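Listed below, chain by chain, are the residues.
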Amino acid sequence: MTDQSPTVASATDTPTVIKQRPPRIFSGIQPTGQLHIGNYLGALKQWAQLQSKYDNFYCIVDMHAITIPQDPQELRESTRRNAALYLASGLDPKYCTIFVQSHVAAHAELGWILTCLTPLGWLNRMHQFKDKSAKMQAESISAGLYTYPTLMAADILLYQTDLVPVGDDQKQHVELTRDLAQRFNSMFGETFTLPDAMIPVSGARIMGLDTPNAKMSKSAIGEGHAITLLDSPEVIRKKMMRATTDSHREIKFSTDPERAGVNNLLTIYQAFTDEPGEAIEAHFEGKGYGDLKKTVAEAVIEGLAPLQSRYYELVKEGGAIDELLAKSAERAAEVAAQTLDLVRDRVGFIRLASKVKPS
Ligand code: TYM
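Residues numbered from 1 in each chain as written. Predicted model: local features only at pLDDT ≥ 70, side-chain atom pairs only at ≥ 80, totals over all residues. Heavy atoms only, no water.

**Observations concerning the site of the ligand**
Moving on, step 1. Around the ligand, 29 residues are found, and the nearest of them are Tyr 148, Asp 155, Asp 169, Ile 206 and Lys 218.
Moving on, step 2. Here Gln 30 contributes a backbone N or O atom positioned 2.9 Å from an oxygen atom of the ligand.
Moving on, step 3. Between an oxygen atom of the ligand and a main-chain N or O atom of Gly 167, the distance comes to 2.9 Å.
Moving on, step 4. For the ligand, the accessible surface in isolation is 710 Å², of which the surrounding protein chains cover 97%. (Near = heavy atom within 4 Å. Polar contact = N/O pair within 3.5 Å; in protein donor to acceptor, adjacent residues only side chain to side chain. Areas by Shrake-Rupley, 256 points an atom, 1.4 Å probe, with all protein chains shown as cover.)

**Section: the side chain of Asp 231**
Moving on, step 1. Within the secondary structure layout, Asp 231 lies in the loop between strand S6 (196–199) and helix H10 (233–241).
Moving on, step 2. A distance of 2.9 Å separates a polar atom in the side chain of Asp 231 from the backbone nitrogen of Thr 228.
Moving on, step 3. Here Lys 239 takes part through its side chain, which lies 2.7 Å from a polar atom of the side chain of Asp 231.
Moving on, step 4. If we skip the residues at most four places from it in the chain, Asp 231 touches Ala 226, Ile 236, Lys 239 and Gln 308. (Helix = DSSP H or I, 4+ residues; strand = E, 2+ residues; numbered from the N terminus. Contact = heavy atoms within 4.5 Å.)

**Here's the deal with the domain arrangement of the protein chain**
Moving on, step 1. The domain boundaries assigned to the protein chain delineate domain 1 (24–203 + 319–355) and domain 2 (233–315).
Moving on, step 2. Between the C-alpha centres of domain 1 and domain 2 the distance comes to 31 Å.
Moving on, step 3. Of the residues lining the interface, 14 residues belong to domain 1; the matching set on domain 2 comes to 13 residues.
Moving on, step 4. Of the roughly 1100 Å² buried where domain 1 meets domain 2, counting both sides, 72% is carbon and sulfur surface.
Moving on, step 5. Three residues, Ile 37, Ala 88 and Ser 202, lead the burial of domain 1 against domain 2; their summed loss comes to 39% of the area buried on that side.
Moving on, step 6. Our count for the domain 1 to domain 2 interface comes out at one salt bridge.
Moving on, step 7. Two residues, Lys 45 and Asp 274, come together in a salt bridge whose shortest N-O distance is 3.1 Å.
Moving on, step 8. At the boundary of domain 1 with domain 2, the tally comes to four residue pairs in polar contact (both at pLDDT 80 or more). (Domains from an automatic or database assignment. Buried area = accessible area lost by both parts, 1.4 Å probe. Salt bridge = Lys/Arg side-chain N within 4 Å of Asp/Glu carboxyl O.)

**Brief notes about the nonpolar core**
Moving on, step 1. With 59 residues, the main nonpolar core has Ile 37, Tyr 86, Leu 229 and Val 300 as its most contacted residues.
Moving on, step 2. Ranked by residue count, the leading element in this core is helix H13 (residues 289–317), at 11 residues.
Moving on, step 3. In contact with Tyr 86, other than residues within four places in its own chain, are Gly 28, Ile 29, Leu 44, Trp 47, Tyr 58, Cys 59, Ile 60, Leu 91 and Ile 98.
Moving on, step 4. Formed by 43 residues, the second largest nonpolar core is a distinct cluster that contains Leu 145, Met 152, Ala 153 and Ala 332. (Core = buried A, V, L, I, M, F, W, Y, C linked by side-chain atoms within 4.5 Å. Buried < 20%, exposed > 50% of the residue type's maximum accessible area, 1.4 Å probe, protein only.)

The following block contains the structure:
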């Protein structure tokens, strides 16, 4: 059987802090637009599977969201919707601190310090900046979009994070975070834990249904591009039946760009069902693309059903989410303050007189 456990991108070096706690996880999603099955399979699904073994921090990264212009009302709605979707995906506040990035000011402060220590060349290499900025008018590309990775590094390093479960597209950002941690540690002394990316074996890069050679993305415009987590069964069936395939017949996993559509449908099926690749190919042998699309649509509908029903229950209950976010922000701020205090000291900021302990 194919091993479905997530891979850790590289071995963790000697930890910088002696830990008397389970290994720590940090990850986040931007509250921009509707979350889709790529976000679920690349991130949320593994978060829920991992939670009981780790001390987890799951963040709604609204400060990252504003690196691209956002409508304030929509940003507020997306932030609350994401919080409800984190819970609906199975994250349990007993194991997870679920909070909003802008509620913990330490993110902005460490982000700035790290920005000042980041060579421009490191940022110039970032694929995500190149991809996103290529689609924008030059005058609307913000400096924040360029320094996005240093704020992400601050998110991760503030919590002395060991593991960062993300989709494949975030690997480069986690590598930069690790490089920055190493740079800081060698300049100022051991301060940060070096984090590793944790990438799921199946579902790490889900492609657009209408553009199978490009990653499924929240910002893509086509109606048939992404299946969102709250799409109804009818909408899922409709989108799936319109998915781009090819003029071949065989239903097999393939790395041939021409066969990317069929490969993507099989990948989605595998990530939802956790079935081994050989069994999936055997299942579809001799079948047509119509059958493939119908079967994948039903697997997605079934896979999302528990999440959708929990989400609508949470929405009916109302109110409780803001309270949870407030409580979690307090815990996050306490943990973050420990790292930030150390960092401030290491870089040479003097302490506020009221915080200096009498000797
Ligand atoms: P964002 O909001 O773009 O995506 C959130 C998560 O979803 C994964 N993902 C995908 N996985 C598979 N297939 C896809 N098509 C797909 N699209 C997105 C992403 O890899 C990610 O795990 N920079 C991050 C947010 C962030 C963050 C952090 C993550 C900010 N600070 C600290 C981890 C740790 C981002 O853009 O996510």
